[in-house]
Amino acid sequence: KMDEGNVAQQLKQMTDFIRLEAVEKAFEIEAAAAEEFQIEKLQLVEAEKKKIRQDYEKKEKQVDIKKKIEYSMQLNASRIEVLQAQDDLVKSVMDSARKELLYQSRDHQSYKKLLRILIVQSLLRLKESAVILRCRKEDLELVESVLESARNEYAEKENVYPPEIMVDRHVYLPPAPSHYKEHDLSCSGGVVMASQDGKIVFENTLDARLEVVFRKKLPEPCSYPTQVHL
């Protein structure tokens, strides 16, 4: 039969063991909780960092796209300005050239020679035995005065019979440009020749020749990219 001293000692040992075990368990729980908290905190921090990076990349891309769009717009605006300036210059030079053509057609001796050359050129282009010729009404007398020599010159060049040239006295080319009728149709001089059936038409007016010269002499337009890839 155990005495009371032994019983008390055993109870104390058991109590101390349980308390120690409880303390150790509490430490384990606290350590696990702290570790779990650190892991969750790191996950939240990484998630927030990722979100911040994504937002920054998105904004950076938007800024880049905006810059490219602005650059493209400025480039197109500059291109339009250059083309407009070139167009204005061409119109200015064309207007000056047309004025010179008017002076040319008013000099009857040189213009008469020019009309003969234009008629021969037209005959050489069409190579028809009979043609219809149109001119300005004010040029009719000059044209008729050079028809025979033009026919013979063509025949000699091509080694053929002189062609028949019928001057259209019903439909004339528009008159010379007038400062008072700027918007009306006009013709600075020259001729238009057609085959008898009207299927072949050669416009050999001074205005048409001027257009050809300008198309050949004009420089190629500046090359600019019309769009920027985003």
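Before reading on, note that the structure itself is shown above.
Residues numbered from 1 in each chain as written. Predicted model: local features only at pLDDT ≥ 70, side-chain atom pairs only at ≥ 80, totals over all residues. Heavy atoms only, no water.

Asks: What is the right way to read helix α2 (residues 108–126) from this model?
Replies: Helical periodicity: at 3.6 residues per turn, an α-helix aligns residues three or four positions apart in one direction. Helix length check: α2, at 19 residues, gives a terminal C-alpha distance of 27 Å against a target of 27 Å (1.5 Å per residue), a fit within 8%. Turning to α2, its buried residues are Tyr111, Leu115, Leu118, Ile119, Val120, Ser122, Leu123 and Leu126. One or two residues past the end of α2 sits Lys127, with phi positive at roughly 55°. (Helix = DSSP H or I, 4+ residues; strand = E, 2+ residues; numbered from the N terminus. Expected span 1.5 Å × (residues − 1). Buried < 20%, exposed > 50% of the residue type's maximum accessible area, 1.4 Å probe, protein only.)

Asks: Can you help me understand the packing of α2 against helix α3 (residues 140–158) in this one?
Replies: For any two helices packed against each other, one specifies the crossing angle of their axes together with the interaxial distance. Where α2 meets α3, the axes come as close as 8 Å, and the angle between the chain directions of the two elements is 45°. With respect to their mutual orientation, α2 and α3 come out oblique. As for the relative orientation of α2 and α3, their crossing is right-handed in sense. Here His108, Tyr111, Lys112, Leu115, Arg116, Ile119, Val120, Leu123 and Leu124 of α2 come into contact with α3, specifically with Leu142, Val143, Ser145, Val146, Leu147, Ser149, Ala150, Arg151, Glu153, Tyr154, Lys157 and Glu158. (Axes fitted to C-alpha atoms, helices over the stretch in contact; angles between N-to-C directions. Parallel < 35°, antiparallel > 145°, perpendicular 65-115°, else oblique. Left-handed = near helix turned anticlockwise from the far one by under 90°. Contact = heavy atoms within 4.5 Å.)

Asks: Would you take a moment to explain α3 for this structure?
Replies: With 19 residues, α3 ought to run about 27 Å at 1.5 Å a step, and its terminal C-alpha atoms sit 26 Å apart, in line with that. The largest bend in α3 is about 40°, located at Leu147. Residues of α3 that are buried: Leu140, Leu142, Val143, Val146, Leu147, Ala150, Arg151, Tyr154 and Ala155. Those residues of α3 hidden inside the fold are in contact with α2, β1 (130–134) and β2 (164–167). Downstream of α3 by one or two residues, Asn159 has phi in the positive range, about 60°. (Bend = angle between axes of the 7 residues up to and from the residue.)

Asks: Got a minute to help me understand the side chain of Asp168 in this structure?
Replies: Note that Asp168 resides in the loop between β2 and β3 (190–195). Within the local environment of Asp168, its side chain forms a polar contact with the backbone nitrogen of His170, the two atoms lying 2.8 Å apart. At 3.0 Å, the side chain of Asp168 and the backbone nitrogen of Val171 are in polar contact. (Polar contact = N/O pair within 3.5 Å; in protein donor to acceptor, adjacent residues only side chain to side chain.)

Asks: How should I be thinking about the pattern of salt bridges in this particular structure?
Replies: Oppositely charged side chains can form a pair if their charged atoms are brought close together. Considering all chains together, one arrives at 10 salt bridges under this definition. Taking the shortest distance from any N to any O, the salt bridge between Lys127 and Glu158 comes out at 3.0 Å. Residue Lys127 is located in the loop between α2 and β1, and its partner Glu158 is located in helix α3; the two are separated by 31 residues in the primary sequence. Using a relative accessible area of 48% as the deciding quantity, one classes Lys127 as partly exposed. The shortest N-O distance in the salt bridge between Glu138 and Arg136 comes to 3.7 Å. You can call Glu138 partly exposed: its relative accessible area is 43%. Under the relative-accessibility criterion, Arg136 is labelled buried at 3%. Through salt bridges with shared partners, a single ionic network connects Arg136, Glu138 and Asp139. (Salt bridge = Lys/Arg side-chain N within 4 Å of Asp/Glu carboxyl O.)

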